[in-house]
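Letter by letter, the chains look like this.
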Amino acid sequence: MDEENEIELLQRFRRDRRVLIDFILSGSLIKKVVMPPGAVSLDDVDLDQVSVDYVLNCAKKGDMLELSEAIRDYHDGTCFPNVNSAGFSDEFFLVTNPESSGSPPRRAPPPVSLGIPTTIFSSLSSSEPMESEKVDELASFSKSQSLKSAQVNELTVDDIDDFEDDFLHEDESRRYSRRVLNDASDVVLELPSFATGVTDDDLRETAYEVLLAAAGASGGLIVPSKEKKKEKKSGLMKKLGRTKSESVVMQSQNSHGLVRLLETMRVQMEISEEMDIRTRRALLSGMVGKVGKRMDTLLIPLELLCCISRTEFSDKKSYIKWQKRQLNMLEEGLVNHPVVGFGESGRKASELRVLLAKIEESESLPSGTGDLQRTDCLRSLRDIAIPLAERPARGDLTGEICHWADGYHLNVRLYEKLLLSVFDVLDEGKLTEEVDEMLELFKSTWRILGITETIHYTCYAWVLFRQFIITGEQDILQHAIYQLKRIPLKEQRGPQERLHLKSLTCSIQSEKGFQELTFLQSFLLPIQKWADTRLSDYHLHFSEGSKMMENGLLVAMVARRLLLEEPELAMQAAPLTDTEQIEKYVSSSIKHAFARIIEDAETLVDSTNEHPLALLAEETRKFVKKDTTMHLPILTQRHPNAGAVLASLVHKLYGIKLKPFLDSAEHLTEDVVSVFPAADSLEQNLISVITSTCEEGSADSYLKKLNLYKIEIVSGTLVLRWVNSQLARISAWVERVIQQENWAPVSAQQRHGSSIVEVYRIVEETVDQFFALKVPMRPGELSSLFRGIDNAFQVYTRHVLDCLADKEDIIPPVPPLTRYRKESGIKAFVKKELTDSRLPDVRKSTDVNVLTTPTLCVQLNTLFYAISQLNILEDSISGRWTKKYHAHSTKRPTEDNLRNSIQKDSFDGSRKDINAAIDQICEFAGTKTIFWDLREVFIDGLYKPSVHQSRLETLIDPLDVVLNQLCDLIVEPLRDRVVTGLLQASLDGLIRVILDGGPSRLFTPADAKLLEEDLEVLKEFFISGGDGLPRGVVENQVARIRQIIKLQSYESRELIEDLKSASEMEMQGGRGRLGADAKTLIRILCHRSDSEASQFLKKQYKIPKSAS
């Protein structure tokens, strides 16, 4: 019950309070009552929120009552406790709850100076201490600001409806924080400035007035009812003086159509309700008495000046500002930038300026005089302005009679302000939900402002584009591109519109002086300039992602297409094509990016200790790799060979930096080894980009234009110098190790000499160092290395052969030919071609340096090791070269060509010499065994005194001993070659015994069978039941002696007859019937023990008889 009484008393108190305030305000106690913004009468003011104390003080003092200050005083008083006028200045009251505030601070607060109370705290007897530097700041606040306000705009009555709602939504409103906006000062329209100093706010407010006039022409203009229902607004909306589209829908849910949309526009364009109502009333008043005339044909600034008086403004300052704006609009619209010439109206234009100045001057005159002057001037102004505005039409599509704004740039600037209202006031990067309705509403202003479809799309694209610059929102840019694409091309416009657009020109001052620009140039040149600036360094401005660059490129191309149709640009000689423009973008951006790469590389030098050119090449290679994946796919959509343009320019820029280094390189220094591979890798990478990105058939033209670095040539020269020095080192090493060689096997398993191991070690070191050089090389450098190593092994082989004794020194001289001794003969003489000039000479073994059989075996093993490892070395070099060649060259040869280039530079010379040396040593070893080691038993003792008394079987055991020794010492692959050498020497010894055995050896035809048996014994010895030499090899070797043994079976008479015929046939190049030559037949006859042979030799050849 008590609670109900309290509520009833509170309601009665509030009712009585409203009655009291209404009585005071309605009576004569208050000199003048100033309504708050948005309120027309006291019915629009919530009297519950008016401070009674403030009203009574004004009544007592006889001052003017400003209800906005009374409302503010009421709310300021609710934030603080009531205090009396007594007390100390350092006393204060806590607004917060001490219990929920935690423990008090432990440190004493720092001393501060006492501040001067401002008007905000005028109801308090003591104020909070403030820092002295903040006193001026607070003192500069206008009276319309509250303690919580952060805006300069005045608070309206609606701002303080349901004040608690401010606190409820304070945290929520903070979430709608505005995005960080970009600076768009460099993107401005190419339009002349206003001589009267018209500001953006002036244009915005005038644009709204034009919109209202256009709406009035369709009958949609009404003055809001005084009983308008007030809705709650969030604290953030009130303080900003703006509202989101969703809030407008909630507030105007009971209103529909044009009324609702105009309310939305008012909020979007930041027009106060007071100004809105004032303008609506004035426009409606201006139509009074103008029967049959549309509102959109009014000279809007003039009608507003005539229909709105100073009394409708809360203060004189606001009125003067408003009037100044209207006067400026008249001057700008009718005088300063005329599209239609004045002609005879030129004098009236001057008079109009005078009248405008007098109207402005009237405000500084006394009240009566000023009002009279203003009235007279307005009447005269109407008489002058209307004829100026109704000059003949300009050939546009609007068909209006009144040219209220003659200069087109003023119209488009006003239309720009209308279009700017389509953005959400709380998120500048978003469009309002009512954007389509707004754009449809804006069409109603086309008649007034002279807007056509082309002008609309151009202005809208400009507004969207500039909003994108400010917000960076990609969706806005996409919308701007869409609007740019909708701008009709020249052939798509009608004849009237083309004529109208042709008349829209303006003159602006630029760096080149005054320049005449068309409408499209004024709007599109700033867009194109922005796009060109960013695309000229797209690596910097579009480094985040490719989508942004794609949109920027699209903007540039669309704007470029439209501008090329403009007269000034169309008359230019040979304008750039789209592909040429893309090349220009690429060239410019690459140059800027390369300059930054140079700077980055220079900063990395100290930390990496690498050569700057090597770092630059690596950073450039990374840059090209990134560019080909990020930006190149976009550029190739409009220029198929953009990749070739990019790579060619990068190649040129790096080449300029590289050339001085190439010219100064003389040796393979660390810098050269560092720079050359990096530069070559970059060049090959760039060539690869050209070949892989160009259209079919166009890559060759770009490659031909490249000024190749020719690193391989410079590098090849330096490598050749290095190779030659290394080869000289190898040659010296071969000479040294061969002199120190003692031809002892390295080990039981490694039967070769140690010298060849050292030779291979130095060779392999050289090869490793060669391939460790990461500099580019040509096949010529490899060929030089091959030839040098090949020559080193040839030199080594010659040194091995130099150790052998002369073969003639170990073979006994052939005894002179003699005939059978029983024959009495004539004085012997021997024909020159059948005798040996050498005398029998039996040299002692100490006189001839003959290597031992083990030494010869080690040499053979060494040479075999050399040739077998040579194959491995050649395969290793070939494989490493192939890998290196493929890794460092984009000119990939076929496998056959690469193999041939390696084969022709292989070690064929060394192989040939080593194989020949092995054959020579094998032959020498066999000859040494038969003619030196077994000389007594073989050469001197076999078949003496007759065949049946000294058979060949007696030599098998000594031969077997020698053969076992050879097989034990020689490596397995050389066994057959060594044994073959011994077989050949044995056959040579047998032939020597049969044909040149001397006078102590005589043969008869009957000995042929025995000789054949001995030959079979020798043959089987070397075949050794299949464990020795292959039978075919032995048979081939034995074949040459079988013919000699067969001749032994013929009688002397047959041999003599065949010798006679052979002598005649030899003169004709043939042989005798038995197939033997004359010399062989003579030697067989010399060893025949019969008189017939002796007599024939004596008579025919004068061969002496045997001494024995």
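Not measured: the values here are computed from a predicted model.

## Quick word on the overall build of the protein chain
Piece 1. Looking only at helices and strands, one finds 46 helices and four strands in the protein chain.
Piece 2. In the protein chain, which comprises 1108 residues, the proportion classed as buried is 48%.
Piece 3. Within the protein chain, contacts between residues separated by at least 24 positions form 76% of all contacts whose residues are at least 6 apart in sequence.
Piece 4. For the protein chain, the exposed area adds up to about 55500 Å²; of that, 51% sits on carbon and sulfur atoms.

## With respect to the nonpolar core
Piece 1. Residues Phe442, Phe465, Phe519, Tyr654, Leu658 and Phe676 are the most contacted members of the largest nonpolar core, which totals 283 residues.
Piece 2. Listed in part, the 14 residues of the second largest apolar core include Ile24, Val45, Val52 and Ala70.

## Considering the pairing of strand β4 (residues 513-518)
Piece 1. Here strand β3 (residues 505-510) runs beside β4; their pairing, made up of six bridges, is antiparallel. Each bridged residue has a counterpart across the sheet, and for Ser507 the counterpart in β4 is Glu516.
Piece 2. Here β3 folds back onto β4, and the loop between the two strands holds two residues.

## Some words on helix α11 (residues 273-286)
Piece 1. Given a rise of 1.5 Å per residue, 14 residues ought to cover 20 Å, and the 20 Å separating the end C-alpha atoms of α11 matches this to within 8%.
Piece 2. The buried fraction of α11 is high, at 10 of 14 residues.
Piece 3. Every buried residue of α11 is listed here: Glu273, Met275, Asp276, Ile277, Arg278, Thr279, Arg280, Ala282, Leu283 and Gly286.
Piece 4. Looking at the buried positions of α11, the neighbouring elements they touch are α7 (200-217), α10 (257-268) and α12 (300-307).

## What to know about the packing of helix α41 (residues 975-995) against helix α42 (residues 1007-1023)
Piece 1. α42 packs onto α41 with a crossing angle of 170° between their chain directions and a minimal axis gap of 11 Å. Here α41 lies roughly antiparallel to α42, going by the angle between them. Considering only the axes of α41 and α42, their crossing is right-handed. Every residue of α42 that contacts α41 at Val979, Leu982, Leu983, Ser986, Leu987, Leu990 and Ile994 is listed here: Leu1011, Leu1015, Leu1018 and Phe1022.
Piece 2. Grouping the amino acids of the contact of α41 with α42 by side-chain chemistry returns 10 nonpolar, one polar and no charged.

## Observations concerning the environment of Met557
Piece 1. As for its placement among the helices and strands, Met557 is situated in helix α24 (residues 546-563).
Piece 2. Relative accessible area serves as the criterion here: at 5%, Met557 is assigned to the buried category.
Piece 3. With 25 residues separating them along the chain, Met557 and Asp532 place their C-alpha atoms 9.8 Å apart.
Piece 4. Non-local contacts of Met557, meaning those with residues more than four positions away in its chain, are made with Asp578, Gln581, Ile582, Tyr585 and Arg638.

## Some remarks on the pattern of salt bridges
Piece 1. Within the structure shown, the criterion is met by 41 salt bridges.
Piece 2. With a closest N to O distance of 2.8 Å, Glu1016 and Arg1042 form a salt bridge. In this pair, Glu1016 sits in helix α42 while Arg1042 sits in helix α43 (residues 1031-1048), placing the two residues 26 residues apart along the sequence.

## Regarding the packing of aromatic side chains
Piece 1. Throughout the structure, instances matching the rule amount to 19 aromatic pairs.
Piece 2. Where Trp462 meets Phe523, the ring centres are 6.5 Å apart and the plane angle is 90°; that geometry is what we call edge-to-face. With Trp462 in helix α19 (residues 453-471) and Phe523 in helix α22 (residues 519-535), the pair connects residues that are 61 residues apart, well separated along the chain.
Piece 3. Taking relative accessible area as the criterion, Trp462 reaches 1% and is therefore assigned buried.
Piece 4. Note on Tyr760 and Tyr865: the rings are 6.0 Å apart at their centroids and 90° apart in plane angle, and the pair reads as edge-to-face. Residue Tyr760 is located in helix α33 (residues 754-772), and its partner Tyr865 is located in helix α36 (residues 853-888); the two are separated by 105 residues in the primary sequence.
Piece 5. By the ring-pair criterion, three or more aromatic residues cluster together here, those being Tyr408, Trp462, Phe519 and Phe523.
Piece 6. Across the ring face of Phe313, the terminal group of Arg278 is positioned such that the distance to the ring centre comes to 3.8 Å.

## Concerning the packing of α19 against helix α21 (residues 495-503)
Piece 1. Look at α19 against α21: their axes get within 10 Å of each other, and the N-to-C directions meet at 55°. As the angle between them shows, α19 and α21 are arranged oblique. Contact residues: α19 offers Glu453, Thr454 and Ile455, while α21 offers Glu497, His500 and Leu501.
Piece 2. In terms of residue class, the contact of α19 with α21 is built from two nonpolar, two polar and two charged.

## Things to note about helix α27 (residues 612-630)
Piece 1. Counted at 1.5 Å a residue, the expected span for α27 with its 19 residues is 27 Å, and the 26 Å between its end C-alpha atoms agrees.
Piece 2. Those residues of α27 that sit buried are Leu613, Ala614, Leu615, Leu616, Ala617, Thr620, Phe623, Val624, Asp627 and Met630.
Piece 3. The secondary structure elements touched by the buried residues of α27 are α23 (538-541), α24, α26 (578-608), α28 (632-635), α29 (642-664) and α30 (670-693).

## Some words on the confidence of the model for the protein chain
Piece 1. Looking at the protein chain as a whole, the pLDDT averages 78, with 78% of positions reaching at least 70.
Piece 2. The low-confidence segment residues 84-90, where pLDDT is below 50, has seven contacts with residues more than four positions distant or belonging to other chains.

## A closer look at unusual backbone geometry
Piece 1. A cis amide bond links Lys944 to the next residue, Pro945, at an omega of -5°.
Piece 2. If you trace the backbone, Pro945 turns up in the loop between α39 (935-940) and α40 (956-969).
Piece 3. Of note in the backbone geometry, Trp743 takes a positive phi value of approximately 55° without being a glycine.
Piece 4. In the Ramachandran plot, Tyr943 falls in the positive-phi region, its phi being about 60° despite a non-glycine side chain.
Piece 5. Relative to the helices and strands, Tyr943 is located in the loop between α39 and α40.

## So, the environment of Asp46
Piece 1. Turning to its location among the elements, Asp46 is positioned in the loop between β1 (33-34) and α2 (52-61).
Piece 2. You can call Asp46 partly exposed: its relative accessible area is 28%.
Piece 3. Taking the C-alpha atoms as reference, Asp46 lies 9.0 Å from Ile71; in sequence the two are 25 residues apart.

## As for the side chain of Thr927
Piece 1. The residue Thr927 is located in helix α38 (residues 908-933) in this model.
Piece 2. Thr927 sits in the buried class, given a relative accessible area of 3%.
Piece 3. Looking at Thr927, its side chain comes within polar contact range of the main-chain oxygen of Glu923, at 2.9 Å.

Conventions and cut-offs
- Residues numbered from 1 in each chain as written.
- Predicted model: local features only at pLDDT ≥ 70, side-chain atom pairs only at ≥ 80, totals over all residues.
- Heavy atoms only, no water.
- Helix = DSSP H or I, 4+ residues; strand = E, 2+ residues; numbered from the N terminus.
- Buried < 20%, exposed > 50% of the residue type's maximum accessible area, 1.4 Å probe, protein only.
- Contact = heavy atoms within 4.5 Å.
- Areas by Shrake-Rupley, 256 points an atom, 1.4 Å probe, with all protein chains shown as cover.
- Core = buried A, V, L, I, M, F, W, Y, C linked by side-chain atoms within 4.5 Å.
- Pairing = 2+ DSSP bridges.
- Expected span 1.5 Å × (residues − 1).
- Axes fitted to C-alpha atoms, helices over the stretch in contact; angles between N-to-C directions.
- Parallel < 35°, antiparallel > 145°, perpendicular 65-115°, else oblique.
- Left-handed = near helix turned anticlockwise from the far one by under 90°.
- Nonpolar A, V, L, I, M, F, W, Y, C, P; charged D, E, K, R; others polar.
- Salt bridge = Lys/Arg side-chain N within 4 Å of Asp/Glu carboxyl O.
- Phe/Tyr/Trp six-rings, centres within 6.5 Å; stacked < 30°, edge-to-face > 60°.
- Lys NZ or Arg CZ within 6 Å of the ring centre and 35° of its normal.
- pLDDT = per-residue confidence, 0-100.
- Polar contact = N/O pair within 3.5 Å; in protein donor to acceptor, adjacent residues only side chain to side chain.

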